Amino acid sequence: MKKENIFKKDGSKFYLIAFAVLFAALIARIVFVGNVNNGTIQNVTNAKAPIELSFSDVLRRSGDIKTMDINKDNVATGVLKDGTPYRATIAYNPELLEKISKNGASVSINNRESVWDGVARWLPILVSAVFLIWLFKILRGGNGGGGITRSLIGQNPTKITTGKTKTTFKDVAGIDSEKQELMEVVDFLKNKEKFKALGARVPRGILLSGEPGTGKTLLARAVAGEANVPFFATSGSDFSGIIVGLGVAKIKEIFELAKRNAPCILFMDEIDAIGQSRSKHTINDNDREQTLNQLLIEMDGFSNETGIIVIAATNRPDMLDKALLRPGRFDRQINIELPNLEGRRDILDLHAKKFKISEHVSMMDVARGTTGFSGADLENLLNESALHAVRAGHKVVEQSDIEEARDKILMGPKKNRKMRPEDIKLTAYHEAGHAFVGVHYRDITDPIHKATIVPRGRALGIVQHMPVDDKVSMTLEEVRANLAIDLAGRAAEEVFFGKNKITTGAASDIEMATNTARRSITMAGLSEKIGMVAINQATSFGQKIALENASEKTAEAVDAEIRAWIENAYKDAKNLVSKNKATVDKLAKALLDKETLSGEEIREIVLGKKAVAKKKTTKPAKKSNAKK
Ligand code: ADP
Ligand code: ZN
């Protein structure tokens, strides 16, 4: 498939265009720089390679952002609150900036003094004069305003991917019901006559919603491939420009193109960029509203017989203007969830065909350890595994390569951090504490997958649990057990090294336990004291605002209850560790000796070889979260 600029450059008006663009760019620059506080330029050089965030990631994780440095091209760099550097291309949006800075992040616009700035001071006046003269000439020449917009489009091409696609439903795994729904569309494109004869109404617009990487683009492309019709892909973010009215013109052009090539699939990614609810005011509102209106006009304008199916994708369906979802527009909505256990296995199996993978690898086990991974994440996992296999000199991708890739994706690369021997020792006892209490609660919680004291990312060590199934809820008993497991690291530190030697290393354990307790109490109604009242509620951005709709009294009661739960869990963990000091000691020594212990090895140390062999068939369980 090739990228192609659908708008031809208009040579005769080159100078006009050049001036117009220059002019617009300068104006935009002045507005842009003037609009935002001139924060300091953050030095975000960091040893780690930045992670790539999509615009939707930035929106979703705006609370995690510590610094953001935006350059001229709307490329944002900075660090997250946990210190991870990131890089993202963002759509310039004052609302977003306000939100991010409200969360305590420092946002800066890169306004380094450059030649441009010098020029910018005096050139606009000159250029606008010249521009106006040109404009007059052109208008008098009977060319009309349309010609100008058209030329402007020429200089601001809409990125559009086009062509026939070979992708079919065979390339999509794990989302069978969604495929089934789209079958009908394929059928329609193939047998228009049949549908017409029956008078059946086929949707013109289909909205695919789902998290990034769940296969929305892939599905849309597969529909085109199955029906053997051309596929045009564009993105909503391409329609918001600095030149007012450009979006409208671009929408017109794209629909013209689609009509000329019908039957076809017109795919519009990130529809929320133009289809955002009109009540959410931003500076660019007017322009965007016009663009949205044009889209609605186009959608209403073509009849079903044309055979254009518009497929739009978004990960924020809740933000869309309701007008978009009316009958005759995007009236069919398909939500793509993150794949479940079987879905993950199917996706892994599909992509595994591209690699040479050892026959000892069980994709079901890989699927178990990848709760929350999207299709794209899974593909990336296999890619990383193959890279690791090459580096390790393996002939085929081994289980160990996949394990390494998964840990790297979840927690960051292995650190070759030089640690003081006493820190290593303390980490071993800390992890041994988690592991022991984890085995103790093996009947109610997910089985332990492994424990390690090899530092990775920010963690000095981890105990991983592995689910048997996708778990959708937890029992109260399970919540309590998990809290005790979370706090068992700190408990072991205290039991073995004394009250004064406890470390800051348990910070993320404490955070996790607090979150679990808070959610259970304020959202799930698991606390008898507080009752079944939802106190934390999701904001439109999916974040939870603590105690937003609670009276001061309730807030105090909630805080006390969280504290009580945590204290109880800690008592429980400390009790278990001190009563079984010898076993925990054995676990810690084994960790110091081998660095990493498998779940099996841990159970053998705690329960004895025989018990493990006998219980081998017991169910294993969920979550693969890291525990320091
Ligand atoms: P989205 O548009 O939802 O962000 P994409 O369709 O771009 O996601 O997915 C990116 C890649 O991830 C796809 O090209 C494909 O390789 C892989 N992928 C995602 N979902 C699936 C799936 N259900 N089956 C197979 N591959 C998938
Ligand atoms: Zn820990």
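Residues numbered from 1 in each chain as written. Chains lettered and ligands numbered in written order. Predicted model: local features only at pLDDT ≥ 70, side-chain atom pairs only at ≥ 80, totals over all residues. Heavy atoms only, no water.

*Asks:* What should I look at first to understand the overall build of the protein in this one?
*Replies:* The number of helices and strands found in the protein is 22 helices and 17 strands. Residues classed as buried in the protein amount to 47% of the 628 residues present. Pairs at least 24 apart in sequence give 76% of the contacts found in the protein among residues at least 6 apart. Put simply, the protein shows about 31300 Å² of open surface, and 53% of that area lies on carbon and sulfur atoms. (Helix = DSSP H or I, 4+ residues; strand = E, 2+ residues; numbered from the N terminus. Buried < 20%, exposed > 50% of the residue type's maximum accessible area, 1.4 Å probe, protein only. Contact = heavy atoms within 4.5 Å. Areas by Shrake-Rupley, 256 points an atom, 1.4 Å probe, with all protein chains shown as cover.)

*Asks:* Sorry if this is basic, but what is going on with the pairing of strand 9 (residues 231-235) here?
*Replies:* Note on strand geometry: in a regular strand, side chains alternate between the two faces of the sheet. Counting buried residues along strand 9, five of its five residues qualify, which places the element largely inside the surrounding structure. Burial along strand 9 is two-sided: Phe-231, Ala-233 and Ser-235 facing one way and Phe-232 and Thr-234 facing the other are all buried.

*Asks:* Could you clarify how one ought to interpret the side chain of Thr-291 in this entry?
*Replies:* Counting through the fold element by element, Thr-291 comes out in helix 11 (residues 285-301). Taking relative accessible area as the criterion, Thr-291 reaches 1% and is therefore assigned buried. Not counting residues within four places of it along the chain, the set of residues in contact with Thr-291 comprises Phe-239, Gly-247, Val-248, Ile-251 and Ile-274.

*Asks:* Can you walk me through the packing of helix 14 (residues 375-391) against helix 15 (residues 399-411) in this structure?
*Replies:* Two quantities define a packed helix pair, namely the angle between the helix axes and the distance between the axes. It is at 8 Å that the axes of helix 14 and helix 15 come closest, and there the two elements cross at 120 degrees. Judged by the inter-axis angle, helix 14 sits oblique to helix 15. The handedness of the crossing between helix 14 and helix 15 is right-handed. Here Asn-380, Leu-381, Glu-384, Ser-385, His-388 and Ala-389 of helix 14 come into contact with helix 15, specifically with Asp-401, Ile-402, Glu-404, Ala-405, Arg-406, Lys-408 and Ile-409. A class-by-class count of the residues in the contact of helix 14 with helix 15 yields five nonpolar, three polar and five charged. (Axes fitted to C-alpha atoms, helices over the stretch in contact; angles between N-to-C directions. Parallel < 35°, antiparallel > 145°, perpendicular 65-115°, else oblique. Left-handed = near helix turned anticlockwise from the far one by under 90°. Nonpolar A, V, L, I, M, F, W, Y, C, P; charged D, E, K, R; others polar.)

*Asks:* Looking at this structure, I do not really get the site of ligand 1. What am I missing?
*Replies:* Taken together, 18 residues sit near ligand 1, with Ala-173, Gly-213, Thr-217, His-351 and Glu-379 positioned nearest. The backbone of Thr-214 places a nitrogen or oxygen atom 3.3 Å from an oxygen atom of ligand 1. Expressed as a share of its isolated accessible area of 560 Å², the protein-covered part of ligand 1 is 82%. Both domain 3 (160-336) and domain 4 (341-411) contribute no fewer than three residues apiece to the shell around ligand 1. (Near = heavy atom within 4 Å. Polar contact = N/O pair within 3.5 Å; in protein donor to acceptor, adjacent residues only side chain to side chain. Domains from an automatic or database assignment.)

*Asks:* Just to check I follow, could you spell out the sheet that holds strand 14 (residues 462-465) for this structure?
*Replies:* Strand pairing within a sheet occurs via backbone hydrogen bonds; the two strands may be parallel or antiparallel. Read from one edge of the open sheet, three strands run 14-13-17, paired in antiparallel fashion. Looking at which strands have only one partner, the edges of the open sheet turn out to be strand 14 and strand 17 (596-598). When the angles between neighbouring strand axes are averaged without regard to direction, this sheet yields 10 degrees. Pairing geometry for strand 13 (residues 448-452) and strand 14, over four bridges, is antiparallel. For Ile-448, the partnering residue across the bridge sits in strand 14 and is His-465. In this fold helix 21 (residues 599-607) packs onto strand 13 and strand 17, with an angle of close to 80 degrees to the strand it touches most, strand 17. (Pairing = 2+ DSSP bridges.)

*Asks:* Just to check I follow, could you spell out the pairing of strand 11 (residues 308-314) for this structure?
*Replies:* The element strand 11 is extensively covered by neighbouring structure, given that seven of its seven residues are classed as buried. Side chains of strand 11 alternate between two faces, with Ile-308, Val-310, Ala-312 and Thr-314 and Ile-309, Ile-311 and Ala-313 buried alike. Of the strand pairs in this sheet, strand 8 (residues 205-210) and strand 11 are connected by five bridges, and their pairing is parallel. What sits directly across from Ser-209, in strand 11, is Thr-314. Bridge count for strand 10 (residues 264-269) against strand 11 is five bridges, and the pairing is parallel. If you follow Met-268 over to strand 11, its bridge partner there is Ala-312.

*Asks:* Honestly, the environment of Leu-207 in this entry has me stumped. Any pointers?
*Replies:* Relative to the helices and strands, Leu-207 is located in strand 8. Relative accessible area serves as the criterion here: at 1%, Leu-207 is assigned to the buried category. For the pair Leu-207 and Asp-331, spaced 124 residues apart in the sequence, the C-alpha separation amounts to 7.6 Å. Look past the residues within four positions of Leu-207 in its chain and what remains in contact with it is Ile-271, Ala-312, Thr-314, Leu-320, Leu-325, Phe-330, Arg-332, Gln-333 and Ile-334.

*Asks:* So what exactly am I meant to see when it comes to the pattern of salt bridges here?
*Replies:* Close approach of charged atoms allows side chains of opposite charge to pair. Scanning the model with the defined rule gives 26 salt bridges in all. Residue Lys-450 is joined to Glu-403 by a salt bridge in which the shortest nitrogen-to-oxygen separation is 3.0 Å. You can see Lys-450 sitting in strand 13 and its partner Glu-403 sitting in helix 15, a full 47 residues away along the chain. Per residue, the accessibility class of Lys-450 equals that of Glu-403, and both read buried. With a closest N to O distance of 2.7 Å, Asp-585 and Lys-589 form a salt bridge. On the criterion of helical spacing, the pair formed by Asp-585 and Lys-589 is a turn pair, its members being four residues apart in helix 20 (residues 581-594). Residue classification places Lys-589 among the partly exposed positions, given a relative accessible area of 47%. (Salt bridge = Lys/Arg side-chain N within 4 Å of Asp/Glu carboxyl O.)

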